[in-house]
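Here is what each chain is made of, one letter per residue.
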Amino acid sequence: MQRAGLFVCFFDPVLEAHLQRAKAALREFKLDRIFFLPCMFKGASPVLPDGEDKTEMCKRALENETRMEAGASFRTFSELSLLFEHYVQRYEGCEFVCLMEDSVAERLSQKKNERLFPKDLPIRLVGNASGAGRGKPAPVREDAGGMFPGFSFAPEEKTEKRRIRQCICPEGIPAGELAYIAEKGLYLPDHVQEVRSMISAHRWTHTLGVRATAVRLASRFGVNMLKASLAAFYHDCAKDQNIKDMRRIMYREYGCTDEDILRSSALMHGPVGAAIARERFGVTDTEVLNAIRFHTTGRPDMNALDLVVFVADAIEPNREDYPGLSEIRRLSKTSLELAALESLRRTREYVLRQGKAFNPQGEETIRALENRLRRGL
Ligand SMILES: [Fe+2]
Ligand SMILES: [Fe+2]
């Protein structure tokens, strides 16, 4: 290896745009290899990626790239300086260039009295993948290592983590990395504590189990994993709400006057949860809201996301054993429809054995799933 780039960036998350910049830098600066070094400037939060996550996200994003490699993450410029020294020593004789996004360079320019980088490490600005702060490259102090002209990209990419939260454009993120983000629940909305405070400890554990299971099922059946993660995260947020409040929301949001429904928090918490997710937590995606709304009764035209959340709710690993659980789990390996149908039939059996009436919505869902399976859809 003769020449290598050390790509310093937040990678929050790694975008296809970063890969494009790295490819351009390989060409432009005649580099043999680029190491991705993710920054960790932000405070720790349960939903933001930590250093290990960032490195893993880089690994997954670069799994098909032969000339790019994930490196260690760093928190401070002093740590970054140590990392640079590490690379210089490890690859003796190799000439290094630091590739820096404008946003990181801006931070660097704010540092006052530190000797930051090896003197002979040129810094090249490579624009901002997220398009943030575009058009005004930050001045980097000369004694920080010296800044050399880089190249600029048109900031056409608009993918940001805010958009991941809205499940809008996962196509801007390499597939392997996206799977990791969904699996780990990274970039969930900032309502973790609020949702946690609305439900019992037991239900919180259940919620985490449903989220993880929903992402796994989504991955297995080709469903949007971010949507599955989000819907599962909120699915039971209304379960421990006061029944009077639930009734009020049912009337206001859905014009519901059906006394059988208005008596049952089991039947109301799905629709009420969807209303809360929209109003209080700002969820706008209709598919996500519907998956929350119908997670207890299902609905005749259940789509794949509805089924994923419905089945995940029934089989998550923290569930205490109940008749039919192992069969539903087995069916969920091959068919969401079969697993959902089995789950509904078992619930119906249980309700009828207790001398109660099974809800008509659930009954309709059973009929619709039976028809769908009979038609081989
Ligand atoms: Fe529920
Ligand atoms: Fe649940």
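Quick caveat: nothing in here was measured; it's all calculated off a predicted structure.

Colleague: Provide a residue-level description of the confidence of the model for the protein chain, including the pertinent values.
Modeller: This prediction gives the protein chain a mean pLDDT of 84; 82% of its residues lie at or above 70. Ranking the elements of the protein chain by mean pLDDT puts strand 6 (residues 147–148) last, at 41, and helix 14 (residues 304–315) first, at 98. With pLDDT under 50 throughout, residues 132–160 is counted as low confidence; its partners more than four residues away or in other chains account for 63 contacts.

Colleague: Outline the packing of helix 9 (residues 225–234) against helix 14, listing residues and values.
Modeller: Helix-helix packing is described using two parameters, namely the angle between the two axes and the distance between the axes. For the pair helix 9 and helix 14, interaxial distance at closest approach is 10 Å and the crossing angle is 50°. The orientation of helix 9 relative to helix 14 falls into the category oblique. The hand of the helix 9/helix 14 crossing is right-handed. Across the interface between the two elements, Lys 227, Ala 228, Ala 231 and Ala 232 of helix 9 pack against Leu 305, Val 308, Val 309 and Ala 312 of helix 14. Grouping the amino acids of the contact of helix 9 with helix 14 by side-chain chemistry returns seven nonpolar, no polar and one charged.

Colleague: Account for unusual backbone geometry, naming residues and giving values.
Modeller: The linkage connecting Asp 12 with the following residue, Pro 13, adopts the cis geometry, with an omega of 0°. Note on placement: Pro 13 falls in the loop between strand 1 (3–9) and helix 1 (16–28). In this structure, Phe 11 is a non-glycine residue whose phi angle is positive, near 45°. With respect to the helices and strands, Phe 11 occurs in the loop between strand 1 and helix 1. For Phe 11, a count of 25 C-beta atoms within 10 Å puts it in the buried group. For Lys 30, which is not glycine, the phi dihedral falls at a positive 50°. By the element assignment, Lys 30 lies in the loop between helix 1 and strand 2 (33–38).

Colleague: Could you give me a rundown of the pairing of strand 4 (residues 95–100), with the residues and numbers involved?
Modeller: Bridge count between strand 1 and strand 4: six bridges; the pairing is parallel. Following the sheet pairing, Gly 5 is matched in strand 4 by Val 97. The sheet contact formed by strand 4 and strand 5 (residues 123–125) spans three bridges and is parallel. By the bridge assignment for strand 5, Met 100 is matched with Leu 125.

Colleague: Just give me the short version of the nonpolar core, but keep the residues and values in it.
Modeller: Counting residues in hydrophobic clusters, the biggest one holds 102 residues, and the most contacted among them are Val 8, Ile 34, Ala 228, Val 308 and Val 311. At nine residues, helix 14 tops the list of elements feeding residues into this core. Split by domain, the residues of this core number at least three in each of domain 1 (3–161) and domain 2 (188–374).

Colleague: Account for helix 1, with residues named and values stated.
Modeller: Between its first and last C-alpha, helix 1 extends 18 Å over 13 residues, near the 18 Å set by a 1.5 Å rise per residue. If you check which residues of helix 1 are buried, you get Ala 17, His 18, Arg 21, Ala 22, Ala 25 and Leu 26. Downstream of helix 1 by one or two residues, Lys 30 has phi in the positive range, about 50°.

Reading guide: rules and limits
- Residues numbered from 1 in each chain as written.
- Chains lettered and ligands numbered in written order.
- Predicted model: local features only at pLDDT ≥ 70, side-chain atom pairs only at ≥ 80, totals over all residues.
- pLDDT = per-residue confidence, 0-100.
- Helix = DSSP H or I, 4+ residues; strand = E, 2+ residues; numbered from the N terminus.
- Contact = placed C-beta atoms within 7 Å.
- Axes fitted to C-alpha atoms, helices over the stretch in contact; angles between N-to-C directions.
- Parallel < 35°, antiparallel > 145°, perpendicular 65-115°, else oblique.
- Left-handed = near helix turned anticlockwise from the far one by under 90°.
- Nonpolar A, V, L, I, M, F, W, Y, C, P; charged D, E, K, R; others polar.
- Buried ≥ 20, exposed ≤ 12 C-beta atoms within 10 Å, placed from the backbone.
- Pairing = 2+ DSSP bridges.
- Core = buried A, V, L, I, M, F, W, Y, C linked by C-beta atoms within 7 Å.
- Domains from an automatic or database assignment.
- Expected span 1.5 Å × (residues − 1).

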